[in-house]
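Each chain is listed here by its residues.
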Amino acid sequence: MSSPAETAQSLTPAAVQAAYDRIQSYVHRTPLVTSKTLDAVASTPQSGDALAGTPFEGQTPAHPRFRLFFKCENLQRIGAFKARGAFHALLRLIEERGEDEVKKRGVITHSSGNHAQALALAASSLNVPATIVMPRISTPSKIAGTQSHGAEIVFSGSTSVEREAIVADIQGKTDAIFVPPYDDPNIICGQGTTALELDAQFQDLQRGKSLDAVITPIGGGGLNAGVATYFSDKQTKVFGAEPSFEGADDCRRGLEAGKRVDRVATLTIADGLRTPVGLLNWEVLSDRRKVEGVFSVTEEQIKAAMRLVLERMKIVVEPSAVVGLAVCLFDENFRRRVEQEAGEAGWDVAIVFSGGNTTVEAIGKLFDQQ
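Worth saying up front: this structure is predicted, and the values here are computed from it rather than measured. Along every chain, residues carry numbers that run from 1 in the direction the sequence is written. Whole-chain, interface and lining totals are the exception, using all residues; otherwise, since this is a predicted model, local features are given only for residues with pLDDT of at least 70 and side-chain atom pairs are given and counted only at 80 or more. Each side-chain value is worked out from all heavy atoms of the structure, with water and hydrogens disregarded.

Q: Lay out the sheet that holds strand β2 (residues 66–72) in plain terms, naming residues and giving numbers.
A: If DSSP finds at least two bridges between two strands, the strands pair. Helix and strand labels come from DSSP, where a helix needs a run of H or I of at least four residues and a strand needs a run of E of at least two; each type is numbered from the N terminus. Pairing is mixed in the open sheet, where six strands are placed in the order β1-β2-β10-β7-β8-β9. Each edge of the open sheet is held by one strand with a lone partner, namely β1 (32–34) and β9 (293–297). Within the sheet, the average angular offset between the axes of one strand and its neighbour, ignoring direction, is 30 degrees. The sheet contact formed by β2 and strand β10 (residues 347–353) spans seven bridges and is parallel. Bridging across to β10, Phe 66 finds its partner in Trp 347. Contacts between residues were defined by any pair of non-hydrogen atoms, one from each residue, lying within 4.5 Å. Note on method: axes are straight lines fitted to C-alpha atoms, helices fitted across the in-contact stretch only, with angles between N-to-C directions ranging 0 to 180 degrees. Of the strands in this sheet, β2, β8 (237–243), β9 and β10 touch helix α16 (residues 332–342), which is tilted by about 150 degrees from β10.

Here you go:
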């Protein structure tokens, strides 16, 4: 069996292109949109009050210039980018093991919601039985979405350790094939097709110009690893964004310590980002030639970014989707870097809105005390 470092060598821009060729008839080409209002907000220095209590208190706030481009994977099938990886992983399984074996054994995974719905959709589309282990506290709309595609749901506790234990027990009884939610080369290459599309869309808009940077959320790390893989032979910088609540910023902390954090127990509002970075994904994310840095934001900053998207852009997103925007708006380290490296020219930054699986009730509850 190959080590994560050896497997990571197979993650190339060509592999992402091959994944796109396989899945493009099964997924949506989601729009890349802009907002002059959010450009202006992000390009305005933060107030002194906003910096109070931070390492930047008393200092002159950064004054970066942003032109933001939003890749709307909230409009993807099942409402999240995860459809890309799930379709690619299942199509590759059928290629490698044969349709008869995959249909006979079925597939299984664990997920808080978006990968659950994605694999349920892919399995339904390709006539493969699917079992999904989901935390009991998953968003009701994500549970309903998974059930709507005919998958069997088994509920678990909220941590990745609890989910994995139930998956192992079911596999022992059924011999179902495990489709990882993020820590897998086929998943990573599938998620990387997000970058392939947004790069082509940006160049169409800007007549061949390249993006300065792309920033994505990081949970298990599949999306960021895929995006970084696609851009690994280009000049575009790739960054990651995480919640800081209850240690959800495991990737950022791991990079600081020089060692992957393998356990996360957090109830951040960004529920899609409650998992530790996978072993294979860590090989990509910890490579500074591929990922320039990872930043974290607070729950209040996530809510503020989400409010802007809902009220100013009129786009429905889940909290996990806006952590990259929150970094651009509030992380003074990132903002100072843009100011120092770009000056008045500013940066063209693509932000991946990773999903939109939330409900009116969940949104109302999130903001009911503000």
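Now that the structure has been shown, we can carry on.
Q: Let's hear about unusual backbone geometry: which residues, and what values?
A: Comment: phi is negative for the bulk of residues other than glycine, and the bulk of peptide bonds are trans. Even without glycine at this site, Asn 127 takes up a positive phi of about 60 degrees. Within the element layout of this structure, Asn 127 appears in the loop between α7 (114–125) and β4 (130–135). For Asn 127, a relative accessible area of 55% translates into the label exposed. In the Ramachandran plot, Asp 175 falls in the positive-phi region, its phi being about 65 degrees despite a non-glycine side chain. With respect to the secondary-structure elements, Asp 175 resides in the loop between α9 (160–174) and β6 (177–178). Here's how the labels work: a residue is buried when its accessible area is under 20% of the maximum for its type, exposed when over 50%, partly exposed in between, all with a 1.4 Å probe on protein chains only.

Q: Any chance you could break down the packing of helix α14 (residues 299–313) against helix α15 (residues 323–330) for me, citing the residues and the numbers?
A: Running from N to C, α14 and α15 point in directions that differ by 105 degrees, and their axes come no closer than 8 Å. It follows from the interaxial angle that α14 and α15 lie roughly perpendicular. Judged by residue contacts, Gln 301, Ile 302, Ala 304, Ala 305, Leu 308 and Val 309 of α14 engage Val 323, Leu 325, Ala 326, Leu 329 and Phe 330 from α15. Classification convention: Asp, Glu, Lys, Arg as charged; Ala, Val, Leu, Ile, Met, Phe, Trp, Tyr, Cys, Pro as nonpolar; all other residues, Gly among them, as polar. Here the residues of the contact of α14 with α15 are counted per class, giving ten nonpolar, one polar and no charged. Angular relationships are summarised with four words: roughly parallel below 35 degrees, roughly antiparallel beyond 145, roughly perpendicular across 65 to 115, and oblique for the angles in between.

Q: Can you tell me about helix α17 (residues 360–367), naming the residues and giving the values?
A: Turning to α17, its buried residues number three or more, namely Ile 363, Leu 366 and Phe 367. All buried residues of α17 fall inside an arc of 85 degrees around its axis, so they share one side. α17 presents Glu 361 and Lys 365 as exposed residues on the side facing more than 90 degrees away from its buried surface. Elements that come into contact with the buried residues of α17 comprise α14. Think of it as the arc spanned by the lines of direction from the helix axis to the C-beta atoms.

Q: Give me the lowdown on the packing of aromatic side chains, citing residues and values where you can.
A: Only Phe, Tyr and Trp rings are paired, with Trp represented by its six-membered ring, and only when their centres lie within 6.5 Å; those with planes under 30 degrees apart are stacked, over 60 edge-to-face, the remainder tilted. One pass over the full model with this rule turns up ten aromatic pairs. Ring centres of Tyr 26 and Phe 87 lie 5.0 Å apart, and the angle between their planes is 25 degrees; this geometry places the pair in the stacked category. Note that Tyr 26 is positioned in the loop between α2 (13–23) and β1 and Phe 87 in helix α5 (residues 82–97), a separation of 61 residues in sequence. Between the aromatic rings of Tyr 230 and Phe 231, the centroid separation amounts to 5.0 Å while the plane-to-plane angle is 80 degrees, which identifies the pairing as edge-to-face. A single burial state applies to Tyr 230 and to Phe 231, both of which are buried.

Q: Outline the UniProt feature "domain: Tryptophan synthase beta chain-like PALP" (unreviewed entry) in the protein chain, listing residues and values.
A: UniProt positions are given in the numbering used here, feature names are shortened, and annotations may be inferred rather than shown by experiment. Mapped onto the present numbering, the UniProt feature "domain: Tryptophan synthase beta chain-like PALP" (unreviewed entry) falls at residues 55–341. A distance of 21 Å separates the end C-alpha atoms of residues 55–341, which is 48% helix and 14% strand.

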